[in-house]
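# Structure at a glance
Below are the chains, spelled out letter by letter.
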Amino acid sequence: MKTKIGICGLPNSGKSSFIKLCTKSEVEIANYPFTTLKSGEYSFFIYSPELKELYKVTKTKEVILDYLILIDVPGLIRGAHKGEGLGNEFLSYLRKSQAILEIVRNFKNDDVPHFEGSIDPIRDILIIEEEIIASEKEIIERNLKNLKKEDKEREKVKILEKILDEIQPFKRFEALNEFVKEYNLLITKPWYLLINGNEIDLDEEIKKTFKKIYFLDVKWELDLREEKEDYYLLSKLDNFANEFRKDLDLIQFFTFTKEITQEWFIKNGSTYKEAAGLIHSEFEEKIKAVEVINLFEFLEIGDWENAKKQGKIKIKSKDDKVEENDILLIKI
């Protein structure tokens, strides 16, 4: 299952431009609010530097990248939790994701007016927080009422009451997600922040809300790609993409045959059995063991059989944990 990232932000914050940059998809971009009228899912392929190095050695006919799924949703405005703008749709689309990337504008462009009338990233972050919190309160209160009426799942009632009692802007409850995951609460998901444009200092309260904060000038990146053939030498997108993948607590591993070199993402802490299931559904049941070598050890040798002769190939059990930059050969 691919990791889905909900892209959250106010109108004209650069969400659609970010989607276009990351996915090279034809996303409608305009200088007025609500260009995005409904949810869309886009594949964000990530070409890691490690895959590039492996491909130089394997020289296969094909190289296959792994990817994240970005969910583009309508922009949020004040009153979204009450249905203002496209708020109700916005929030329901976000709940489908495993993580949230909040995009906040910090650039001036007279052709693209800010919905609030001025550029103020701190204010925009607070607007989003207030709308999310108001929506969460409604969901928690509604479900608490139902649970108490039916007099069941008392432990879950205690957890929801705890969240409701402590809920406030800039507070997350990620540790409680497993207990209340059926409600798809946004405040139990991991949040990340991307400042679109100039860098800015943020106070500690905001910093602690997000697992990671990134800075990227999306328009500059798009213009660079259109103007220069060697844009990738100056672009910061690849660095962001690979950093974001790691910050999502996804590790990468690799496989290759005579025809294909492939990169795979899997949740940190996953077993080789689970990795085998990603490669092919039947492998998860049939796996007996796995041959493993670290990518960088392999690059020094440059050949699987020579690596095996040198004792660099390790035999792991299906229940051992996958490590970052493993190269795998599943034995069934």
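Residues numbered from 1 in each chain as written. Predicted model: local features only at pLDDT ≥ 70, side-chain atom pairs only at ≥ 80, totals over all residues. Heavy atoms only, no water.

## Side note on the sheet that holds strand β5 (residues 99-106)
- Read from one edge of the open sheet, six strands run β2-β4-β1-β5-β6-β7, paired in mixed fashion. Every other strand in the sheet has two partners, leaving β2 (40-46) and β7 (213-216) as the edge strands with one partner each. Strand after strand, the sheet turns through a mean of 30° between neighbouring axes, direction not considered.
- Note that strand β1 (residues 4-8) and strand β4 (residues 66-72) share four bridges and pair parallel. (Pairing = 2+ DSSP bridges. Helix = DSSP H or I, 4+ residues; strand = E, 2+ residues; numbered from the N terminus. Axes fitted to C-alpha atoms, helices over the stretch in contact; angles between N-to-C directions.)

## Side note on the packing of helix α1 (residues 15-23) against helix α8 (residues 218-227)
- At a minimum axis separation of 9 Å, α1 and α8 run at an interaxial angle of 40°. Considered as vectors, α1 and α8 are oriented oblique to each other. By crossing handedness, the relation of α1 to α8 is classed as left-handed. Along its contact with α1, which presents Ser17, Phe18, Lys20 and Leu21, the element α8 presents Val218, Glu221, Leu222, Arg225 and Glu226. (Parallel < 35°, antiparallel > 145°, perpendicular 65-115°, else oblique. Left-handed = near helix turned anticlockwise from the far one by under 90°. Contact = heavy atoms within 4.5 Å.)

## Examining the confidence of the model for the chain
- The pLDDT averaged across the chain works out to 88; a share of 91% of its residues lies at or above 70.
- Ranking the elements of the chain by mean pLDDT puts helix α3 (residues 87-94) last with 68 and β7 first with 98.
- Overall, residues 27-37 carries pLDDT values under 50, and its contacts beyond four positions in sequence, including any with other chains, amount to 34 contacts. (pLDDT = per-residue confidence, 0-100.)

## Observations regarding the pattern of salt bridges
- On inspection of all chains with the given rule, the structure shows 23 salt bridges.
- Between lysine 61 and glutamate 259 there is a salt bridge; the shortest N-O distance is 3.9 Å. Of this pair, lysine 61 sits in the loop between α2 (49-58) and β3 (62-64) while glutamate 259 sits in the loop between β8 (250-256) and β9 (260-267), placing them 198 residues apart in sequence.
- By relative accessible area, which is 40% here, glutamate 259 ends up partly exposed.
- Between lysine 156 and glutamate 182 there is a salt bridge; the shortest N-O distance is 2.5 Å. Placement of lysine 156 in helix α5 (residues 154-166) and of glutamate 182 in the loop between α6 (177-180) and β6 (191-197) is noted, with a sequence separation of 26 residues between them.
- Within the structure, one salt-bridge network assembled from shared partners comprises Glu153, Lys156 and Glu182. (Salt bridge = Lys/Arg side-chain N within 4 Å of Asp/Glu carboxyl O. Buried < 20%, exposed > 50% of the residue type's maximum accessible area, 1.4 Å probe, protein only.)

## Things to note about the sheet that holds strand β11 (residues 314-316)
- Read across the open sheet, the six strands follow the order β3-β9-β8-β12-β10-β11; overall the sheet is mixed. Every interior strand has two partners, whereas the edge strands, β3 and β11, have only one. The sheet shows a mean angle of 30° between the axes of neighbouring strands, direction not considered.
- In terms of strand pairing, β3 meets β9 through three bridges, oriented parallel. Along β9, the bridge assignment pairs valine 63 with threonine 261.
- Relative to the sheet, α2 contacts β3, β8, β9 and β12 (326-331), its axis offset from that of β9 by approximately 155°.

## A short note on the environment of aspartate 326
- Note on placement: aspartate 326 falls in strand β12.
- With twelve residues separating them along the chain, aspartate 326 and lysine 314 place their C-alpha atoms 11 Å apart.
- When sequence neighbours within four positions are dropped, the list of residues in contact with aspartate 326 reads Gln252, Phe253, Phe254, Tyr272, Val292 and Ile293.

## Looking at the nonpolar core
- One finds Leu160, Ile163, Leu185, Ile187 and Trp191 to be the most contacted residues of the largest nonpolar core, which totals 38 residues.
- Among the elements of the structure, α3, β5, α4 (121-150), α5 and β6 are those that each provide at least two residues to this core.
- Broken down by element, this core gets its largest block of residues, nine residues, from α4.
- Apart from residues no more than four positions distant in its own chain, isoleucine 187 is found in contact with Ile132, Ile133, Glu136, Ile163, Ile167, Lys171, Arg172, Phe173 and Glu174. (Core = buried A, V, L, I, M, F, W, Y, C linked by side-chain atoms within 4.5 Å.)

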